[in-house]
Amino acid sequence: MQLKKLAQGWKLFLLANVGVIFYSNAAVAAESIVLKYTIIQMTVPVIELETFAQTGQLSPGLELLLGTAKQNPERFRQAMIKPVKVNQKFLDRALNSQPGEMILDQIGQVIHTPSGGKDREALRSALVLSASQDNEITLLEMIRNYPTAEIHVEGDRLVEAYGKIASLAGQLNGVSEKLQDVLNKIRLPKL
């Protein structure tokens, strides 16, 4: 009898750990977004944002939220899908510098984890991962790549966050071009 109870206990223990492992792996990317507009707040599945971005069709929840917050849906959509070109390698280096961390902290006031902790690391990860395929970033892609199951977004400051990302990308692209010019000038002529 004791042996049977011990075997059942081990089965429960193993099943619980397998569940934790699968749950942990599933939470690698954002599944839902908590959009906040001043005192209005709603949790929306990321899939609804993706559908809206692709089709322009608002889900009832998103329509209610944007309407109540008096937000222009098309402006919101454009902020979500407008790409920012940035070299992924430069982005990674820049975000690991002191000025990059300051920018991450500013963006982290708009796009952040539920607890507000480790925002810098989460944002860095989401931005670099978003740029890794095509050297472009969109807010929707960044949200999709955010490394927590839930992400909080201050909706009334979303366009501001996009502006900070675009500004950073512009600065990085300028540095990249200047560096390439310098490298071209210091190359020795062929003999």
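The structure under discussion appears in the preceding block.
Reading the values: rules and limits
Residues numbered from 1 in each chain as written. Predicted model: local features only at pLDDT ≥ 70, side-chain atom pairs only at ≥ 80, totals over all residues. Heavy atoms only, no water. Core = buried A, V, L, I, M, F, W, Y, C linked by side-chain atoms within 4.5 Å. Buried < 20%, exposed > 50% of the residue type's maximum accessible area, 1.4 Å probe, protein only. Helix = DSSP H or I, 4+ residues; strand = E, 2+ residues; numbered from the N terminus. Contact = heavy atoms within 4.5 Å. Pairing = 2+ DSSP bridges. Axes fitted to C-alpha atoms, helices over the stretch in contact; angles between N-to-C directions. Parallel < 35°, antiparallel > 145°, perpendicular 65-115°, else oblique. Nonpolar A, V, L, I, M, F, W, Y, C, P; charged D, E, K, R; others polar. Arc of directions from axis to C-beta. Polar contact = N/O pair within 3.5 Å; in protein donor to acceptor, adjacent residues only side chain to side chain.

### Some words on the nonpolar core
Counting residues in hydrophobic clusters, the biggest one holds 44 residues, and the most contacted among them are Phe 76, Leu 91, Ile 111 and Leu 139. With 6 residues, the top contributor of residues to this core is helix H7 (residues 119-131). Setting aside chain neighbours within four positions, we find Leu 139 in contact with Ala 79, Met 80, Ile 111, Leu 158, Tyr 162 and Ile 165.

### Let's talk about the sheet that holds strand E1 (residues 32-37)
Reading across from one edge, E2-E1-E6-E4 is the order of the 4 strands in this open sheet, with mixed pairing throughout. The open sheet has two edge strands with one neighbour each: strand E2 (40-45) and strand E4 (111-112). Across 5 bridges, E1 lies against strand E6 (residues 150-154) in parallel orientation. Across the sheet, the residue bridging to Leu 35 is Val 153, located in E6. Along the sheet, helix H3 (residues 60-68) makes contact with E1 and E2, crossing E2 at roughly 155°.

### Brief notes about the packing of helix H2 (residues 46-55) against helix H4 (residues 73-81)
Where H2 contacts H4, the axes come no closer than 10 Å and their chain directions differ by 100°. Taken together, the axes of H2 and H4 lie roughly perpendicular to each other. Of the residues in H4, those touching H2 at Leu 49, Phe 52, Ala 53, Gln 54 and Thr 55 are Pro 73, Phe 76, Arg 77, Met 80 and Ile 81. Across the contact of H2 with H4, the residue classes break down as 7 nonpolar, 2 polar and 1 charged.

### Points about the environment of Lys 82
Residue placement: Lys 82 occurs in the loop between H4 and strand E3 (84-85). Overall, the relative accessible area of 46% leaves Lys 82 in the partly exposed class. Taking the C-alpha atoms as reference points, Lys 82 and Ala 166, separated by 84 residues in sequence, lie 9.9 Å from one another. Setting aside residues no more than four positions away along its own chain, Lys 82 makes contact with Ile 137, Thr 138 and Tyr 162.

### With respect to the pairing of E6
Among the 5 residues of E6, 4 are classified as buried, and the element is accordingly described as predominantly covered. In this structure, E4 lies alongside E6, joined through 2 bridges in antiparallel fashion. From the neighbouring strand, His 112 faces E6, where its bridge partner is His 152.

### A short note on H4
All of the buried residues along H4 are Phe 76, Arg 77, Ala 79 and Met 80. On an axial view of H4, the arc spanned by its buried residues comes to 160°, and they lie on one face. Its side-chain oxygen 2.8 Å from the backbone nitrogen of Glu 74, Asn 72 forms the N-cap of H4.

### What about helix H5 (residues 88-95)?
Among all positions of H5, only Gln 88, Phe 90, Leu 91, Ala 94 and Leu 95 are buried. Projected down its long axis, H5 shows its buried positions confined to an angular sector of 160°, all on one face. When the buried face of H5 is taken as reference, the exposed residues oriented beyond 90 degrees from it are Lys 89 and Arg 93.

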